[in-house]
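Breakdown of the fold
Below, each chain spelled out in residue letters.
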Amino acid sequence: MTVAEIRDSKEKMLLYTSIQYDVFEVLVGLLGRFELNYFNGWSPSLNIENQLLIVLMKLKLNLRDIDLAHRFCVSRSTISNMFNTLVHALHEMLYVGVVDTCFPSQFKCKGSMPKSFAEFSSARASMDAIETTQDIPGHLDTQAMAYSSYKSRHTVKAVTCVAPNGAITYCSPLYPGSTSDVAIVRHSRVLEKFKPGDLILADKGFTIHDQLPQGVCLNIPAFLSSRGQFTKKEAELCYKIARARIHVERANERIKNSEILRHIPATYRPLSTKIFQLCSSLVNLQAPLLKEIS
């Protein structure tokens, strides 16, 4: 299998890589500008195009190494070496170099504000948590930390931020499944990216009012507490927040479309945060979430 066999088919490119060929070419050009240091001093036998194809197929479809080795006529160790090397390189270019350093300002967000944010014109990001299962850790104390009472499984989770136009603007490192959303926000220091006058939309789990920088506002749905029902004003606000926040949930669903994130095996645990943040960065290279933005 080679890139030449699928590059003329948009359907096949999206199936195997999740991006179109013109975007694929840009990534090949970026990788070609750097000298890659492969693990164990290994020299690649495949060109950079096919190496990138292998990595994207692994991320998108989570094909086993032996399957990819058979398709590309190389050894399993070669597949593993390429994957580890290119994940580090692509993560450095796409997440560290773009997503993590280019948090859009409120002014830029207003330039592509969808209609659903009409009531939240100062919104800079919608915040949400994303969670996926993992292999059970070997140590008992680590097992307890990784167990999620919400999923009833051992998981890892992260916090993501999505701009009003649907672009993913932040992904925290992965944390053990028992970690609360509030604790992740505090430890990841994501709130340092916001400026006075910014508005954050989030769900009820993000009770982070005491962490907000001066001048930054937070809108979360109202709590029912001991009352029988919401007031009309509270119900309307909950509806408007949910309508605006649907984009962050759709963005998170796109991240989860990377099959490699359906379940994190123990072998990929040291690389899991880079894989997650890379998959999140690749979502921004796909078609826009919102038709009115495209």
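So, a few notes on the structure that sits alongside this text. Along each chain, residue indices are assigned from 1 in the same order as the chain's sequence is written. Where totals are concerned, whole chains, interfaces and linings use all residues; where local detail is concerned, this predicted model gives features only for residues with pLDDT of at least 70, and gives and counts side-chain atom pairs only at 80 or more. Water and hydrogen atoms were dropped before computing side-chain values, which therefore reflect all heavy atoms in the structure.

Turning to the environment of Ser-180, a few remarks are in order. As for its placement among the helices and strands, Ser-180 is situated in the loop between strand E5 (175–176) and helix H8 (181–188). The exposure class of Ser-180 is partly exposed, given its relative accessible area of 37%. As a C-alpha pair, Ser-180 and Ala-129 span 51 residues in sequence and 9.5 Å in three-dimensional space. The definition of a polar contact used here is a pair of N or O atoms within 3.5 Å, where within protein one atom must be able to donate a hydrogen and the other to accept one, and adjacent residues in sequence count solely through side-chain atom pairs. Engagement of the side chain of Ser-180 in a polar contact is seen with the backbone nitrogen of Ala-183, the distance being 3.1 Å. Counting from the N terminus, the helices are the DSSP runs of H or I reaching at least four residues and the strands are the DSSP runs of E reaching at least two. Partly exposed residues are those whose accessible area sits between 20% and 50% of the maximum for their type, while under 20% is buried and over 50% is exposed, using a 1.4 Å probe and protein chains only.

Here we come to the pattern of salt bridges. Two side chains with opposite charge may pair up if their charged atoms get near one another. What makes a salt bridge here is a side-chain nitrogen of Lys or Arg within 4 Å of a carboxyl oxygen of Asp or Glu, nothing more. As enumerated under the stated definition, the model contains 7 salt bridges in all. The shortest N-O distance in the salt bridge between Arg-124 and Asp-198 comes to 2.7 Å. One end of the pair, Arg-124, is in strand E1 (residues 123–134); the other, Asp-198, is in the loop between H8 and strand E6 (199–201), and 74 residues separate them in sequence. We note that Arg-124, like Asp-198, is buried. In this structure, Arg-189 engages Glu-192 in a salt bridge whose closest nitrogen and oxygen atoms are separated by 2.7 Å. Glu-192 matches Arg-189 in its accessibility class, with the two residues each being exposed.

Here the focus is helix H10 (residues 272–283). If you check H10, its first and last C-alpha atoms are 17 Å apart, about what 12 residues at 1.5 Å a residue would give, namely 16 Å. Within H10, 10 of the 12 residues are buried, leaving the element largely enclosed by the surrounding structure. Every buried residue of H10 is accounted for by Ser-272, Ile-275, Phe-276, Gln-277, Leu-278, Cys-279, Ser-280, Ser-281, Leu-282 and Val-283. A helix is expected to reach a length of 1.5 Å times the quantity of its residues less one.

The description of two aromatic rings rests on the distance between their centres and on the angle between their planes. Only rings of Phe, Tyr and Trp enter the pairing, Trp through its six-membered ring, and a pair is recorded when the two centres are within 6.5 Å. The plane angle decides the type: under 30 degrees is stacked, over 60 is edge-to-face, the rest tilted. Per the stated rule, a full pass over the model turns up 3 aromatic pairs. Here the aromatic rings of Phe-83 and Tyr-268 are separated by 5.5 Å at their centres, their planes lie at 50°, and the arrangement is tilted. Highlighted residues: Phe-83 in helix H5 (residues 76–99) and Tyr-268 in the loop between strand E8 (263–264) and H10, separated in sequence by 185 residues. Assigned by exposure class, Phe-83 and Tyr-268 land together as buried. With a centroid separation of 5.2 Å and 80° between ring planes, the pair formed by Phe-103 and Phe-194 is classed as edge-to-face. Here Phe-103, found in the loop between H5 and helix H6 (106–110), pairs with Phe-194, found in the loop between H8 and E6; they are 91 residues apart in sequence, far enough to count as distant.

What follows concerns the pairing of E1. Within E1, 11 of the 12 residues are buried, which leaves it mostly tucked inside the rest of the structure. Two strands pair if DSSP finds at least two bridges between them. Strand direction decides the pairing type here: E1 and E6, joined by 3 bridges, are parallel. Counterpart to Ala-125 in the pairing with E6 is Ile-200. As paired elements, E1 and strand E3 (residues 153–162) share 8 bridges and run antiparallel to each other. Pairing of Ala-129 across the sheet is with Val-159, part of E3.

The next thing to look at is the nonpolar core. Throughout this description, the term nonpolar core refers to a set of buried Ala, Val, Leu, Ile, Met, Phe, Trp, Tyr and Cys residues connected via side-chain atoms within 4.5 Å. Counting residues in hydrophobic clusters, the biggest one holds 81 residues, and the most contacted among them are Phe-24, Leu-59, Met-127 and Ile-275. Element by element, the count of residues in this core is highest for H5, at 11 residues. Membership of the second largest hydrophobic core comes to 7 residues, among which are Phe-117, Phe-120, Leu-199 and Leu-201.

Our focus in this paragraph is the side chain of Thr-133. One can find Thr-133 in strand E1. Separated by 3.2 Å, the side chain of Thr-133 and the backbone oxygen of Arg-262 make a polar contact. With residues near it in sequence (within four places) discarded, Thr-133 still touches Arg-153, His-154, Thr-155, Arg-262, His-263 and Ile-264. Any two residues whose heavy atoms approach within 4.5 Å at even a single point are treated as in contact.

Before going further, it helps to examine the packing of helix H2 (residues 21–32) against H5. Axis angles are defined between N-to-C directions and span 0 to 180 degrees, where every axis is a line fitted to C-alpha atoms and, for a helix, only to the segment in contact. At a closest axis distance of 11 Å, the pairing of H2 and H5 adopts a crossing angle of 100°. By the angle between their directions, the pair H2 and H5 is classed as roughly perpendicular. Along the contact surface, H2 presents Leu-27, Leu-30 and Leu-31, while H5 presents Leu-86, Ala-89, Leu-90, Met-93 and Leu-94. Classes in brief: Ala, Val, Leu, Ile, Met, Phe, Trp, Tyr, Cys and Pro nonpolar; Asp, Glu, Lys and Arg charged; the others, Gly included, polar. Considered class by class, the residues forming the contact of H2 with H5 number 8 nonpolar, no polar and no charged. Oblique is the label for any angle not covered by the other classes, which are roughly parallel (under 35 degrees), roughly antiparallel (over 145) and roughly perpendicular (65 to 115).

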